[in-house]
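Descriptive structure summary
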Amino acid sequence: MATESIGETPTLFLRKATGLVRGWNVRDSMIYACLATNIVTLGLYEFSYAPSTFPKGQLLTSVVISGIWVSFLVVAYSGLIVTIPRAGGDYVWQTRILGGGVGFVLAATGWWFILWLWAPIYGNILSVELFQPLWATLKWTWPGGGAGWFTTHNGIFIVSLITIALAGVLVSIGMSGYARIQKWCFYGGLVGFLAIVILLLANSHSSFVSSFNLEAHKLFGVNGAYAATNAAAAKTGFAASTFGFGPLGPTMLLVPMMMFFILWPNWGATLYGEIRGSSDFRRVFTGMFAGLWITVALAVILLLLIDKTVGWAFYQNANIAGTGVLGVWPYPVLLAGWLVHNAAFQVILILVMSLWFFGWVGTLFLSSTRVIFAAAFDRVLPDRAAEVSEKRKVPLYSLILMLLPAVGLSALYAYWSKFYTYTLDATLVIAVTYLFSAVALVILPWRRPDLWRASPASRIKLWGIPVVPVAGWITIALLVFNLYEWLSNSLYGSNNKSSLVYMGLMYVLAIVIYVVARLVRARQGIDLGLVNKEIPVE
Amino acid sequence: MKIFFATDIHGSEVCWRKFLNSAAFYKADLVVLGGDVTGKAMVPITAYDGYWQVTLRGETLRLDTREELDAIIARIRNSGFYPAVVSPDELTHLSQNEGAVDQRFSTEMLSSLDRWLDMADGKLRGGQIPCILNGGNDDIFEIDAVLESSPCVSFAEGKLLDLDGFSLVSMGWTNPTPWDTYREAPEADLAAKIDAVAQLVPDLGRAIFNFHAPPYGTGLDEAPALDENLRPTHGGAVMKPVGSTAVRDAILRYQPLLSVHGHIHESRGIKRMNRTLAINPGSVYGDGVLQGAVIDLDARKPKVSRYLLVNG
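Residues numbered from 1 in each chain as written. Chains lettered and ligands numbered in written order. Predicted model: local features only at pLDDT ≥ 70, side-chain atom pairs only at ≥ 80, totals over all residues. Heavy atoms only, no water.

**Some details on the overall build of chain B**
Defined as follows: Strands here mean DSSP runs of E at least two residues long; helices mean DSSP runs of H or I at least four residues long; both are numbered from the N terminus. Radius of gyration here is computed from C-alpha atoms only, and the compact-globule reference equals 2.2 Å multiplied by the residue count raised to the power 0.38. Categorising residues by exposure relies on relative accessible area from a 1.4 Å probe, with only protein chains included: less than 20% of the type maximum marks a residue as buried, more than 50% marks it as exposed, and the intermediate range marks it as partly exposed. In what follows, residue pairs with any heavy atoms lying within 4.5 Å of each other are defined as contacts. The protein chains shown are the only cover counted for residues, whose accessible areas, like all others here, come from Shrake-Rupley with a 1.4 Å probe. A residue counts as positive if it is Lys or Arg and as negative if it is Asp or Glu; His and the chain ends are not included. One atom stands in for each charge, and that atom is NZ of Lys, CZ of Arg, CG of Asp or CD of Glu.
A count of helices and strands for chain B gives seven helices and 18 strands. Computed over the C-alpha atoms, the radius of gyration of chain B is 20 Å, within 12% of the 20 Å expected from 2.2 N^0.38 for a compact globule of 312 residues. Considering chain B as a whole, with its 312 residues, one finds that 63% of them fall into the buried category. Put simply, 65% of the contacts in chain B that link residues at least 6 apart link residues at least 24 apart. Within the structure as shown, chain B displays about 10900 Å² of accessible surface, and the carbon and sulfur contribution to it stands at 48%. Charge-centre separation for chain B: the mean point of 30 positive side chains lies 10 Å from the mean point of 41 negative side chains.

**Brief notes about the confidence of the model for chain B**
Note the cut-off: Each residue carries a pLDDT score, the predictor's own confidence in it, on a scale running from 0 to 100.
Residues with a pLDDT of 70 or more make up 99% of chain B, whose mean pLDDT is 93. For this predicted complex, the interface score ipTM comes out at 0.92, alongside a pTM of 0.88.

**Here's the deal with the sheet that holds strand β2 (residues 30–33) of chain B**
Rules: DSSP-based pairing: two strands are paired if at least 2 bridges between them are found.
In space, the six strands of this open sheet follow the order β8-β7-β2-β1-β17-β18 (chain B), with mixed pairing throughout. In the strand order of this sheet, the two ends are held by β8 (154–155) and β18 (303–311) of chain B, each with one partner.

**A closer look at the interface of chain A and chain B**
Stated formally: What counts as buried area is the accessible surface, traced by a 1.4 Å probe, that two parts surrender upon association, with contributions from both included. Salt bridge criterion: a side-chain nitrogen from Lys or Arg within 4 Å of a carboxyl oxygen from Asp or Glu. Identification of polar contacts relies on pairs of N or O atoms within 3.5 Å, with a donor-acceptor requirement for protein atoms, meaning one able to donate a hydrogen and the other able to accept it, and with residues adjacent in sequence counted only if both atoms are side-chain atoms.
Across the boundary between the two partners, chain A contributes 63 residues, which contact 73 residues of chain B. Across the interface of chain A and chain B, roughly 6200 Å² is buried in total on both sides, 57% from carbon and sulfur atoms. Three residues, Phe 13, Arg 15 and Ile 535 of chain A, lead the burial of chain A against chain B; their summed loss comes to 14% of the area buried on that side. Linking chain A to chain B there are four salt bridges. Across the pair Asp 378 of chain A and Arg 268 of chain B runs a salt bridge whose closest N-O atoms are separated by 2.8 Å. Here chain A is connected to chain B by 21 residue pairs in polar contact (both at pLDDT 80 or more).

**Topic: the state of the cysteines**
Residues and elements named next belong to chain B. Our working rule: When two cysteine sulfur atoms are found within 2.5 Å, that pair is recorded as a disulfide.
For the coordinates displayed, the defined rule picks out zero disulfides over all chains. Counting only cysteine sulfurs, Cys 131 is the nearest neighbor of Cys 15, a cysteine outside any disulfide, at a range of 14 Å. Here Cys 152 is not cross-linked by a disulfide; its sulfur's nearest cysteine counterpart is in Cys 131, at 7.1 Å.

**Let's talk about the confidence of the model for chain A**
Per-residue confidence for chain A gives a mean pLDDT of 90, with 95% of residues at or over 70. The secondary-structure element of chain A with the lowest mean pLDDT is strand β1 (residues 2–6) of chain A, recorded at 61, while helix α14 (residues 343–353) of chain A shows the highest, at 98.

**Looking at helix α18 (residues 425–447) of chain A**
Residues spaced three or four apart along an α-helix face the same direction, because each turn holds 3.6 residues. Residue and element names in this part refer to chain A. To keep it simple, the criterion reads: A helix is expected to span 1.5 Å multiplied by its residue count minus one. Note on bend: the value at a residue is the angle between axes fitted to the seven residues ending there and to the seven starting there.
For α18, spanning 23 residues, the distance from its first C-alpha to its last is 31 Å, which sits close to the expected 33 Å at 1.5 Å a residue. Along α18, the sharpest kink reaches roughly 30°, centred on Leu 441 and followed within four residues by the proline Pro 445. Within α18, 17 of the 23 residues are buried, leaving the element largely enclosed by the surrounding structure.

**Remarks on the side chain of Lys 271 of chain B**
Assignment of secondary structure puts Lys 271 of chain B in strand β15 (residues 269–273). A distance of 3.1 Å separates a polar atom in the side chain of Lys 271 of chain B from the backbone oxygen of Val 388 of chain A. Discounting chain neighbours no more than four positions away, the residues touching Lys 271 of chain B are Val 388 and Glu 390 of chain A together with Thr 218, Leu 220, Thr 276, Leu 277 and Ala 278 of chain B.

**Structural notes on the sheet that holds strand β16 (residues 276–280) of chain B**
Residues and elements named next belong to chain B. The line we're drawing: For helices, the fitted line uses only the C-alpha atoms of the stretch in contact; every axis is such a line through C-alpha atoms, and the angle between N-to-C directions lies from 0 to 180 degrees.
What the six strands build is an open sheet, ordered β9-β10-β11-β14-β16-β15; its pairing is mixed. Where the open sheet ends on each side, the last strands, each with one partner, are β9 (160–163) and β15. Here the strands of the sheet are splayed against their neighbours by 20° on average, with no regard to which way each runs. The pairing of strand β14 (residues 258–260) with β16 spans three bridges and is classified as parallel. Bridge pairing in β16 links Leu 258 to Leu 277. Running over the sheet, helix α7 (residues 245–254) touches β10 (166–171), β11 (207–211), β14, β15 and β16 and is turned about 180° from β11.

**Points about the nonpolar core**
Generally speaking, a soluble globular protein has its nonpolar side chains buried in company with each other. The condition is simple: Put simply, a nonpolar core is a bunch of buried Ala, Val, Leu, Ile, Met, Phe, Trp, Tyr and Cys residues held in one set by side-chain atoms that sit within 4.5 Å of each other.
Among the nonpolar cores identified, the biggest contains 265 residues, and Phe 47 and Trp 118 of chain A together with Phe 19 of chain B are the most heavily contacted of them. Here the element with the most residues in this core is helix α6 (residues 100–138) of chain A; it accounts for 24 residues. Leaving out residues up to four positions away in the same chain, Trp 118 of chain A has contacts with Leu 42, Phe 260, Trp 264, Leu 364, Ala 426, Thr 427 and Ile 430 of chain A. Formed by 21 residues, the second largest nonpolar core is a distinct cluster that contains Ala 185, Val 197, Ala 213 and Ala 246 of chain B.

**A few points about the packing of aromatic side chains**
For clarity, the threshold we go by: The pairing test for Phe, Tyr and Trp rings, Trp by its six-membered ring, is centres within 6.5 Å, and the orientation test on the planes gives stacked under 30 degrees, edge-to-face over 60, and tilted for anything in between. Only when the NZ atom of a Lys or the CZ atom of an Arg is both within 6 Å of the ring centre and within 35 degrees of the ring normal do we say a charge sits over the ring.
According to the stated counting rule, one finds 59 aromatic pairs over all chains in the structure shown. Seen from their ring centres, Phe 212 of chain A and Tyr 226 of chain A are 6.5 Å apart, and the 80° between their planes marks the pair as edge-to-face. You can see Phe 212 of chain A sitting in helix α9 (residues 205–220) and its partner Tyr 226 of chain A sitting in helix α10 (residues 225–235), a full 14 residues away along the chain. There is no split in this pair, since Phe 212 of chain A and Tyr 226 of chain A are both buried. Here the aromatic rings of Phe 212 of chain A and Trp 338 of chain A are separated by 5.6 Å at their centres, their planes lie at 50°, and the arrangement is tilted. Here Trp 338 of chain A lies in the loop between α13 (332–337) and α14 and Phe 212 of chain A lies in helix α9, a separation of 126 residues in the sequence. Trp 338 of chain A matches Phe 212 of chain A in its accessibility class, with the two residues each being buried. In this structure, Arg 379 of chain A packs its charged tip against the face of Tyr 307 of chain B, placed 3.7 Å from the ring centre. Positioned above the aromatic ring of Phe 166 of chain B is the side chain of Arg 206 of chain B, whose terminal nitrogen or guanidinium carbon lies 5.7 Å from the ring centre.

This is the structure we're talking about:
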């Protein structure tokens, strides 16, 4: 028997019963939120595209603005989680609040189909942040071309396959083993990050210039690499902006780009427990919010130090030059490692920083498995989709549904250069799914007033105004702004016709699956319309 | 024959009302509630001179009229909690005396169940729609007699019930949990209990197992992994199987046509175990949603011809 109380007065008596769990450790959920909004794998990767896309935008300011805006998404999702706290997340909220068909189409596209497209993105990140710098530092020449091989069609495809295999194995192992690995990856990654901070703090710009020239010559045989990089950028007509505050317009246009790395603090958020109170909201919110703002803080620290030691203009020029001068992407970890003229140290730094990738890659297909299982249990997909092999405990059919298309799209990504632009839809489609979850939240008080009244989220008010629905509206504004920009501004590269057709086909595929399922099940005498139909109470 | 199976409503009055309407809603021939009928928490409402006071999910409310009081009582019941109207002295007594709380819990559970059975009488047309109930590990033993004596429901624990040629056997006991609840037993004892009821079945090809504990390691028994303080580990991201090996072994050995389970609310799903279709519809009673399974049985073959997990 347990008691909850306010002061000396008991307010709730609990008897001994199954499932009365205590709230989890906030630090754990903070770690997963921080890994999901990954400053190294996603942040550094996306930052490199900023100067070429919006040269007048202020990167640091856009990161902070994005952090503030996404904070509202954290509040909105915390509200949904404590109202309908199910591990199924968006799928459950949308099917319950918006209906089975809408829920399936949005969840299948946003948490399953689009993740096929994330596989080659993850692969590319693994290539530019681990394989290429490692091969370059160790001067390995196998396979033909050394580090450069990873930029060939075969190289890109093989690394994507490695990524898919890795993510598939981690799904099969299950979260119990992987969660532990993730934690150690996070702590190890932070140690690596700290080493980079110290290196950048302890060295001056001039020592960076000389180190850059020395190591670029040693590893790539490039003479005067620093000047060559600046010249290569100038040749494209690029004029680097200053680091300080600039016009808000171009900076705001960077916000949709920043979503690629910062939109995911809610990625793994779940809640269990039946006796819920306001402390649950605080716990869920704190984990995601802290994870998000640790990411923002790490980004701000890194960008400030890059400005101080690498030089802001040079950082932008290096990203404009891309692989043109060195032959590999100017990965900031590689550049920071060059401040120590020791190959062993550089290799260790690259390996330690790759922990940010390995702590993150396992989540690639995790949400897809959940959606596939949930859809199979709802009889939208064949029963087999949720089968797990008795012997090996591997969800074989759901893995096939995830891995095979991912392999196919990775091949397209590797061997058909035009397909690269389609990966820009990767964030957009998930944002559409988020948008409908936010819509579900703001209509919840009308659609399910009983559920809303009973939710701890309904009692969180500021000056008498309910915070969670307001956060829902601000989240809708954020997502609509981003979607408008992605779909109207050609600089993001996602509003071309073929890209829109590709995205449209994914939604059509989801609709077709749902309609076919309804028809097939109807012929079997099963009415899928009953799945979420509420039984009358009276 | 069409069966509607739900489980683990834990005192949620809105779910009970939905359960009573489920036969008509899903056109089911009979309805089965698989255990854990009673709630887990009691909310004291303190009666003062001319008003009542209650704290609900952190919000303290003053209730000045009987209507306000009734509305709050209904809200508490719909959440699966028991409202207990007490004087300030009674509240002090309860807060200082664990035995008194247990006693009050029992009183509230039994009176609530009585009220529910009165409702059932009307909804189930005085027993014309068969309604089968049994206890779960969280249910106190005192409810058994209440259910047994009801004319409109059949209490199923440890019995063989004939359902138009199909045999239903039921067991509300589970393997041990960290909460040391009422109907828990070591796996060997569970195996003996299952064997005892399985022996009663004339044709296992027409058997339905209604065992509260789900079979171990089947995906129907995945609960958040907990540390020694009953705190979910790794931010709640890690699940682990917590079902019964005795139930799993019995299903594989006896191969009933159908096996329905509950207990682990998060583990809604189905699992084919050779010839047997095992189902755990899960539970979200706290949301006022009645999760269940609508199952069609073909008496001629015999086989499960259709099933659908629903969120009613």
